Amino acid sequence: MARIIVTGASTGIGAATALQLATAGHDVVATVRSDAAAATLNEAADAHGTSLTIRHLEVTDHGAVQALFTELEAERPLDVLVHNAGAGQVGTLEQLDLAELRDAMEVNFFGAAACVKAAFGPMRQRGRGHIVVVTSVGGAVGQPFNDAYCAAKFAVEGLLESLHPVAKAHGVSVTVVEPGPVATEFIANVKGRAHFAGGDPTDPFGPQRDAYLRRSAATFANAQSSAEVAEVIAKVLTESDPAFRVQTSEAATAFVATKLSDLDGRQVTSMTAGWIAG
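First, a word on what this report is: a plain description of the structure on this page. (Residues numbered from 1 in each chain as written. Predicted model: local features only at pLDDT ≥ 70, side-chain atom pairs only at ≥ 80, totals over all residues. Heavy atoms only, no water.)

### Section: the environment of Ser-225
Stated formally: What counts as a helix is a DSSP run of H or I of at least four residues, what counts as a strand is a run of E of at least two, and both are numbered from the N terminus. Any residue under 20% of the maximum accessible area for its type is buried, any over 50% is exposed, and the rest in between are partly exposed; the area is computed with a 1.4 Å probe on protein chains only.
Within the secondary structure, Ser-225 sits in the loop between α6 (206–220) and α7 (226–236). For Ser-225, a relative accessible area of 29% translates into the label partly exposed. Through-space distance from the C-alpha of Ser-225 to that of Arg-33 is 22 Å; in sequence the pair is 192 residues apart.

### Section: the packing of helix α3 (residues 62–75) against helix α4 (residues 98–126)
As a reminder, the rule being used: Only the stretch in contact is used when a helix axis is fitted, and all axes are lines through C-alpha atoms; the angle between N-to-C directions ranges over 0 to 180 degrees. If an angle is under 35 degrees, it is roughly parallel; if it is over 145, roughly antiparallel; if it lies from 65 to 115, roughly perpendicular; otherwise it is oblique. Handedness of each helix crossing follows the sense of rotation of the near helix against the far helix: counterclockwise by less than a right angle gives left-handed, clockwise gives right-handed. A contact between two residues is defined here by any heavy atoms of the two lying within 4.5 Å. Gly falls in the polar group here, along with every residue not listed as nonpolar (Ala, Val, Leu, Ile, Met, Phe, Trp, Tyr, Cys, Pro) or charged (Asp, Glu, Lys, Arg).
At a minimum axis separation of 10 Å, α3 and α4 run at an interaxial angle of 30°. Looking at the two axes, α3 sits roughly parallel to α4. Regarding α3 and α4, the two cross each other, and that crossing is right-handed. Residue-level inspection shows His-62, Val-65, Gln-66, Phe-69 and Glu-73 of α3 in contact with α4, the latter providing Glu-106, Phe-110, Gly-111, Ala-114, Cys-115, Ala-118, Ala-119, Pro-122 and Arg-126. Among the residues forming the contact of α3 with α4, the class breakdown is eight nonpolar, three polar and three charged.

### Notes on the nonpolar core
Defined as follows: The term nonpolar core refers to a set of buried residues drawn from Ala, Val, Leu, Ile, Met, Phe, Trp, Tyr and Cys, joined through side-chain atoms within 4.5 Å.
Counting residues in each nonpolar core, the largest one holds 31 residues, and the members touching the most others are Val-6, Leu-41 and Leu-52. For this core, the secondary-structure elements that each account for two or more residues are β1 (3–7), α1 (12–23), β2 (27–32), α2 (35–47), β4 (80–83), β5 (129–134) and α7. In terms of residue count, α1 provides more of this core than any other element does, six residues in total. In this structure, Leu-41 is in contact with Ala-9, Ala-15, Leu-19, Ala-30, Val-32, Leu-52 and Ile-54, ignoring residues within four places of it in sequence. Residues Ala-85, Ala-119, Ile-131 and Phe-244 belong to the second largest nonpolar core, which totals 30 residues.

### Topic: the pairing of β1
Basically, it comes down to this: A strand pair is defined by DSSP finding two or more bridges across the two strands. The crossover handedness rule: strands pointing away from the viewer, path from first strand over the helix to second strand clockwise, crossover right-handed.
Extensive coverage of β1 is indicated by the burial of five of its five residues. Bridging between β1 and β2 involves four bridges; their strand directions are parallel. Across the sheet, Arg-3 pairs through a bridge with Asp-27, a residue of β2. What joins β1 to β2 is α1, and the crossover it makes is right-handed. Relative to β4, β1 runs parallel, the two being bridged by four bridges. When the sheet's bridge partners are listed, Ile-5 is paired in β4 with Leu-81.

### A closer look at the packing of aromatic side chains
Aromatic ring pairs are reported here in terms of the distance separating the ring centres and the angle at which the planes meet. The cut-off we apply is this: Each Phe, Tyr or Trp ring (for Trp, its six-membered ring) is paired with any other whose centre lies within 6.5 Å, and the angle between the two planes then decides the class: stacked below 30 degrees, edge-to-face above 60, tilted in between. For a ring to carry a charge above it, either NZ of a lysine or CZ of an arginine must fall within 6 Å of the ring centroid while also lying within 35 degrees of the normal to the ring plane.
Going through the model one piece at a time under the given rule, you end up with three aromatic pairs. Measuring from ring centre to ring centre gives 4.9 Å for Phe-109 and Phe-110, while their planes differ by 75°; the resulting arrangement is edge-to-face. Judged by relative accessible area, Phe-109 falls into the buried class, the value being 14%. With 5.9 Å between their ring centres and 40° between their planes, Phe-145 and Tyr-212 make a pair best called tilted. Placement of Phe-145 in the loop between β5 and α5 (147–169) and of Tyr-212 in helix α6 is noted, with a sequence separation of 67 residues between them. A single burial state applies to Phe-145 and to Tyr-212, both of which are buried. Between Arg-215 and the ring centre of Trp-275, over which it is positioned, the NZ or CZ distance is 3.6 Å.

Structural data, given as structure tokens:
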């Protein structure tokens, strides 16, 4: 069975993926950010009748990323990276300061780049491996009040789409997995929620924000589960020639298809303008 590292495994998609792969018999290293998350994940593994290796990792600490991957490689070569670590950031551009923009990029883009970079070299040298990065439909379709988050996810997809053919020439597969709404703790942990506090009559974005929140509430009422997304990731890992871009539901596929067929951008921007109409 493969040796797999899953980043961002404290909760949600990362935890579900780590547990599912470990239950299938893989040697799984799951990274978390706190002792509490490690304890919870260990308990979940016990409940699943399986075990995994849990390591602490902050993906914005690029030295720590490289050190961990080097250490793991010395123990046993990594066959697969599933990079899931990330964080939401809400607010439209005028409401965001540059520190918030940089923070979103550090976590969602540079954190992903650091992990992919650390995994790729040894895989290339062996001529095999699979890098899977969980992005979002927001990595394909820009969405109101998600300016910083979508910018970071767009950047990740651009990075990996560029890397894909080079990696494939050296025997390494690269896949981005694009979930739509998923019922996880991700929303509760979104940064910048103060921008959505409401109740400020001077907020020029209030009507658009409220319309967006109403739509989001309806969308997340029908969200996928983390386990369903984990099943898609597990299936991707079984494929001999995996696709670069994979959506996790029919709804996500239809949503991303809107962007990929929209040569002048009018279809997407008309669609998203409707989200914030009062």
